[in-house]
Amino acid sequence: MGITDPQKYCLCCGENVPYNTVAKDDQVLYNCIYCGFTVGTQSTQKIGLLKRVYIAEDSAFVRNLLKDALQKEGIVEQLKGFGNGAELFSALCGIWDGGEHVDLLLLDIQMPVLDGLKAATMIRSEEAKRKLSRTPIIFFSAARCTESLKTVITKWAPAAYINKGSDFDPMRVSERVDDLIRYIVNNSKIGKKSERES
């Protein structure tokens, strides 16, 4: 393990940070020296295919950016975008009613009608009621990740946070999305055979 001079963008800190490198199994992890969040990975393993991903984001521009990033990687079979958390929650209940599941949810924190945090609360409640495995969630916001948001992310795990950045440069956001998706796929049940498929 070592500390390097170059910097990488930390999704939690919302800025470029120095990082540690850690070799783990068949990959190298780059961890923020301030908060410990993984800011990048290198792996020889192929990312598993996600069958279904739902995105709740009130900006059509951001929804399309996220869809493009996921499709570019070739890791998603089916993508659906929604303008708010209520639309996503309704569609998710319909999927569950049909005996299916969603592999990953991307939720904007600030949306009209039903924001991402309230939607996540409803989702976790409904999953518990139906005795379903928790669906991984990625939260989005232009604000830095506060202590209270970190508490929510921990409470609703598996979950993560990505800072869109205040400048909202499409290329930087796309890179952040790519990094975070790789991290989640390589470090969670996503892309691996889940209990629901056993």
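Residues numbered from 1 in each chain as written. Predicted model: local features only at pLDDT ≥ 70, side-chain atom pairs only at ≥ 80, totals over all residues. Heavy atoms only, no water.

1. Let's talk about the sheet that holds strand 6 (residues 76–82)
Part 1: The strand order across the open sheet formed by five strands is 6-5-7-8-9, and the pairing between neighbours is parallel. Single-partner strands in this sheet number two, and they are strand 6 and strand 9 (159–163). When strand polarity is set aside, the average angle formed by the axes of neighbouring strands in this sheet is 20 degrees.
Part 2: Taken together, the four bridges between strand 7 (residues 104–108) and strand 8 (residues 137–141) define a ladder with parallel strand orientation. In the sheet register, Leu105 faces strand 8, and the bridge partner there is Ile137. (Pairing = 2+ DSSP bridges. Helix = DSSP H or I, 4+ residues; strand = E, 2+ residues; numbered from the N terminus. Axes fitted to C-alpha atoms, helices over the stretch in contact; angles between N-to-C directions.)

2. Brief notes about the pairing of strand 9
Part 1: Within strand 9, four of the five residues are buried, which leaves the element mostly enclosed by the surrounding structure.
Part 2: The pairing of strand 8 with strand 9 spans five bridges and is parallel. Counterpart to Ile138 in the pairing with strand 9 is Ala160.
Part 3: Since strand 8 and strand 9 lie parallel, the crossover through helix 4 (residues 147–155) that links them has a hand, and here it is right-handed. (Buried < 20%, exposed > 50% of the residue type's maximum accessible area, 1.4 Å probe, protein only. Right-handed = clockwise from strand over helix to strand, strands pointing away.)

3. Comments concerning the nonpolar core
Part 1: The biggest cluster of nonpolar side chains holds 25 residues, and the ones touching the most others in it are Cys10, Val39, Val53, Ile55, Leu70, Val76 and Leu106.
Part 2: The set of elements that each furnish at least two residues to this core consists of strand 1 (2–10), strand 2 (15–24), strand 3 (27–32), strand 5 (50–56), helix 1 (60–73), strand 6, strand 7 and strand 8.
Part 3: Residues Leu105, Leu107, Ala120 and Ile123 belong to the second largest nonpolar core, which totals 23 residues. (Core = buried A, V, L, I, M, F, W, Y, C linked by side-chain atoms within 4.5 Å.)

4. Here we look at the environment of Cys13
Part 1: Here Cys13 lies in the loop between strand 1 and strand 2.
Part 2: Counting along the chain gives 133 residues from Cys13 to Thr146, while the straight-line C-alpha distance between them is 9.0 Å.
Part 3: With sequence-adjacent residues up to four places away left out, Cys13 is seen in contact with Cys32, Tyr34, Cys35 and Arg144. (Contact = heavy atoms within 4.5 Å.)

5. Some points on unusual backbone geometry
Part 1: Here the residue pair Ala157 and Pro158 is connected by a cis peptide bond, since its omega of 0 degrees sits within 30 degrees of zero.
Part 2: Within the secondary structure, Pro158 sits in the loop between helix 4 and strand 9.
Part 3: One non-glycine residue, Lys131, adopts positive backbone phi at about 60 degrees.

6. Quick notes on the pattern of salt bridges
Part 1: What the rule picks out here adds up to six salt bridges.
Part 2: Here Arg130 makes a salt bridge to Asp97, at a shortest N to O gap of 2.8 Å. Within this pair, whereas Arg130 is found in helix 3 (residues 116–130), its partner Asp97 is found in helix 2 (residues 85–97), the two being separated by 33 residues in sequence.
Part 3: For Arg130, a relative accessible area of 27% gives the class partly exposed. (Salt bridge = Lys/Arg side-chain N within 4 Å of Asp/Glu carboxyl O.)

7. Quick notes on the environment of Leu114
Part 1: Tracing the chain through its elements places Leu114 in the loop between strand 7 and helix 3.
Part 2: When its relative accessible area of 10% is taken as the criterion, Leu114 is described as buried.
Part 3: As for Leu114 and Ala56, which are separated by 58 residues in sequence, their C-alpha atoms are 9.8 Å apart.
Part 4: Apart from the residues within four sequence positions on either side, Leu114 is in contact with Asn84, Gly85, Ala86, Ala119 and Met122.

8. Considering helix 3
Part 1: Between the first and last C-alpha of helix 3 there are 21 Å, a value that for 15 residues agrees with the 21 Å anticipated at 1.5 Å per step.
Part 2: Three or more residues of helix 3 are buried, namely Gly116, Ala119, Ala120, Ile123, Arg124, Glu126 and Glu127. Axial view of helix 3: buried residues confined to an arc of 165 degrees, hence all on one face. More than 90 degrees from the buried face of helix 3, the exposed residues found are Lys118, Ala128 and Lys129.
Part 3: Buried-residue contacts for helix 3 involve helix 2, strand 7 and strand 8.
Part 4: Taking the backbone nitrogen of Leu117 as reference, a side-chain oxygen 3.0 Å away marks Asp115 as the first, capping residue of helix 3.
Part 5: At the exit of helix 3 stands Lys131, carrying a positive phi of roughly 60 degrees. (Expected span 1.5 Å × (residues − 1). Arc of directions from axis to C-beta. Polar contact = N/O pair within 3.5 Å; in protein donor to acceptor, adjacent residues only side chain to side chain.)

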